[in-house]
Amino acid sequence: MRIFTAFAAGMAFWLCGASQGMSEARLNVLCGVDEAWCMTMEKAFEARAGIDISMVRKSTGDILDQIRAEKSHPTVDVWWGGTGDAHLQAASEDLLDRYQPDHEHDMLPWAQNFFAMSGSRSAAIYAGALGFAYNSDLLSALKLPAPTCWQDLTKEVYRGHIQSGNPNSSGTAFTMLATLVQLLGEEEAFRYMAALNRNIVEYTRSGSAPVKAAARGEVLIGISFMHDAVTLKEAGAPLVIVAPCEGTGYEIGAVSIVKGSRNAGAAQAFVDFALSPEGQATGAAAGQNQVPSNAKAALPPAAPDITMIKMVDYDFATFGLSDERSRLLTRFDTEISPTQ
């Protein structure tokens, strides 16, 4: 009986350890880029590293909310993609682990600055400019003038013809809100948002949804990152892509390891792959057109030339603070009252 008991106890211990090892072999990643890139990256990393991944696509704000909610018992190992200011907010809340990636010295200067700003908790993987796109076929059918500036979007002729993301869930839309505050000043920015709100037919959870709706002809104008519009235009959509005449903001997409990850080694391997030329090439392979952060990575041929776009000096340090994000979103909800 003693022998059987000891054997049973030993088997229970072994099974427990085996079960734990199996759970640690599966890397849990929340993906903040386009679904096509999520899938391409998942397959590429699994083939390269031999590590099984559970990859789930969510909008940036939803990812941040989940990581906050799971602070004491994280189920996510890596947050890959999505706007960098949200990653910086997570870093400031001590939700991310420090890690020194293998490819740090290959990063472009703006990416190295972002990594330093995060306290070595988040690494830049791409950059892209904010703008909007309109469906040229629909514009002709409606006999409307072509918009070229942010201010144009508030004109009455575009009433019910514009989609934008909701900044509570969409990193794209929060970048727009922060951009307008920096471009116009906060009071004027909220007056602008109130005027724009009269023309918005829907606020979407996803930041790329508005320009996808414009590509399908479901709405005339979609506000989005320009690289998302380029991808759709390359696929044949009748889109005209606009860099607003007043100037615009930009995103730095990032990758971070969630603090308390149960798969630290696999998470670090994923970050290293995401920052490598091979890992960053998965974007172009998936039809994406962001500017990669690794100086040795190839630039997608159709990527917008952000050096030719009038840009604000985007203040990631300020808009990467949790308190600033919460304050602006509260004001947005109070004064604009988005319904979606």
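Note that the structure is predicted; figures quoted are calculated from it, not measured. (Residues numbered from 1 in each chain as written. Predicted model: local features only at pLDDT ≥ 70, side-chain atom pairs only at ≥ 80, totals over all residues. Heavy atoms only, no water.)

Asker: Looking at this model, I keep getting lost on the packing of aromatic side chains. Mind explaining?
Answerer: Each aromatic ring pair is characterised by the separation of its centres together with the angle its planes make. One pass over the structure, following the stated rule, counts twelve aromatic pairs. Plain terms: the ring middles of F45 and F273 are 5.8 Å apart, the flat faces sit at 50 degrees to each other, and that makes the pair tilted. Of this pair, F45 sits in helix α2 (residues 35-49) while F273 sits in helix α11 (residues 264-275); the two residues are 228 residues apart in sequence, bridging distant segments of the chain. Since its relative accessible area comes to 1%, F45 is described here as buried. Owing to a relative accessible area of 6%, F273 belongs among the buried residues under this scheme. A ring pair is formed by Y314 and F319, whose centres lie 6.2 Å apart and whose planes are at 55 degrees; its orientation type is tilted. Side by side, Y314 and F319 carry an identical accessibility label, which is buried. (Phe/Tyr/Trp six-rings, centres within 6.5 Å; stacked < 30°, edge-to-face > 60°. Helix = DSSP H or I, 4+ residues; strand = E, 2+ residues; numbered from the N terminus. Buried < 20%, exposed > 50% of the residue type's maximum accessible area, 1.4 Å probe, protein only.)

Asker: It is not clear to me how helix α4 (residues 84-92) should be interpreted in this structure. Could you clarify?
Answerer: Along an α-helix, residues three or four positions apart point the same way, because every turn accommodates 3.6 residues. With eight of its nine residues buried, α4 lies for the most part within the structure. Within the span of α4, buried status applies to G84, D85, A86, H87, L88, Q89, A90 and A91. Residue D94 follows α4 closely and has a positive phi angle near 60 degrees.

Asker: I'm lost on the confidence of the model for the protein in this one. Help?
Answerer: In low-pLDDT segments, the atomic positions of the prediction should not be examined closely. Chain-level statistics for the protein give a pLDDT mean of 92 and a share of 92% at 70 or above. This model gives residues 1-24 a pLDDT under 50, and the stretch forms three contacts once residues within four places in sequence are excluded. (pLDDT = per-residue confidence, 0-100. Contact = heavy atoms within 4.5 Å.)

Asker: I'm lost on the nonpolar core in this one. Help?
Answerer: Soluble globular proteins tend to bury their nonpolar side chains together. Formed by 70 residues in total, the largest nonpolar core has its most connected members in L27, W80 and F270. Three or more residues apiece are contributed to this core by two domains, here domain 1 (2-128 + 252-301) and domain 2 (129-250 + 320-336). Residues I67, V76, A90 and A91 belong to the second largest nonpolar core, which totals twelve residues. (Core = buried A, V, L, I, M, F, W, Y, C linked by side-chain atoms within 4.5 Å. Domains from an automatic or database assignment.)

Asker: Quick question: what am I supposed to make of the packing of helix α7 (residues 171-184) against helix α14 (residues 322-335) here?
Answerer: If you want to describe how two helices pack, look at the angle between their axes and the distance between the axes. The interhelical angle for the contact between α7 and α14, taken along N-to-C directions, is 95 degrees, at an axis separation of 11 Å. Overall, the two elements α7 and α14 adopt an arrangement that is roughly perpendicular. Where α7 approaches α14, its residues F174, L177 and V181 are matched on the opposing element by R325, L328, L329 and F332. (Axes fitted to C-alpha atoms, helices over the stretch in contact; angles between N-to-C directions. Parallel < 35°, antiparallel > 145°, perpendicular 65-115°, else oblique.)

Asker: How do you make sense of empty space enclosed by the protein when you look at a structure like this?
Answerer: Empty space among the atoms can be located by rolling a probe the size of a water molecule over them. Within this structure, the stated rule accounts for six cavities of 30 Å³ or more. Reported here for the largest cavity is a volume of approximately 210 Å³. Forming the boundary of the largest cavity are 23 residues, of which G32, V33, R57, T172 and D228 lie nearest the centre. Listed by contribution, the elements that provide at least two residues to the lining of the largest cavity are β3 (78-83), α7 and α10 (226-234). Three or more residues apiece are contributed to the lining of the largest cavity by two domains, here domain 1 (2-128 + 252-301) and domain 2 (129-250 + 320-336). In this structure, the second largest cavity encloses a volume near 70 Å³. Residue contributions to the lining of the second largest cavity peak at three residues, all from strand β9 (residues 250-257). (1 Å grid on protein atoms, 1.4 Å probe; cavity = no way out; pocket = protein on both sides within 12 Å on 5 of 7 lines; lining within 4 Å. Points joined across faces, edges and corners; volume = space filled by probe spheres on them.)

Asker: When you look at the domain arrangement of the protein in this model, what are you seeing that I'm missing?
Answerer: It is common to give the size of an interface as the accessible area that goes away when the parts come together. What the domain assignment lists for the protein is domain 1 (2-128 + 252-301) and domain 2 (129-250 + 320-336). Each of domain 1 and domain 2 was reduced to a C-alpha centroid, and the two centroids are 29 Å apart. Across the contact, 21 residues belong to domain 1 and 21 residues belong to domain 2. Interface of domain 1 and domain 2: buried area, both sides summed, is about 1600 Å²; carbon and sulfur atoms make up 45% of it. (Buried area = accessible area lost by both parts, 1.4 Å probe.)

Asker: How should the pattern of salt bridges be read in this particular structure?
Answerer: Side-chain pairs of opposite charge can arise where the charged atoms are in close proximity. According to the stated counting rule, one finds 17 salt bridges in the structure shown. For K155, the salt bridge goes to D152, with nearest N and O atoms at 3.1 Å. Each of E186, E187, E324, R327, R331 and E335 takes part in one network of salt bridges that share partners. (Salt bridge = Lys/Arg side-chain N within 4 Å of Asp/Glu carboxyl O.)

Asker: Would you mind showing me how to read the state of the cysteines here?
Answerer: The term disulfide refers to a covalent linkage connecting the sulfur atoms of a pair of cysteines. For the structure on display, the rule yields two disulfides. The disulfide bridge from C31 ends at C38, spanning 2.0 Å between sulfur atoms. With the S-S dihedral at roughly -85 degrees, the linkage between C31 and C38 falls on the left-handed side. Given a relative accessible area of 2%, C38 falls into the buried group. Covalently, C149 is tied to C245 through a disulfide, its sulfur atoms 1.9 Å apart. Residues C149 and C245 share a disulfide whose torsion about the S-S bond is about 120 degrees; that sign makes it right-handed. In this pair, C149 is assigned in the loop between α6 (136-142) and β5 (162-165) and C245 in the loop between β8 (239-242) and β9, connecting sequence segments 96 residues apart. (Disulfide = S-S within 2.5 Å.)

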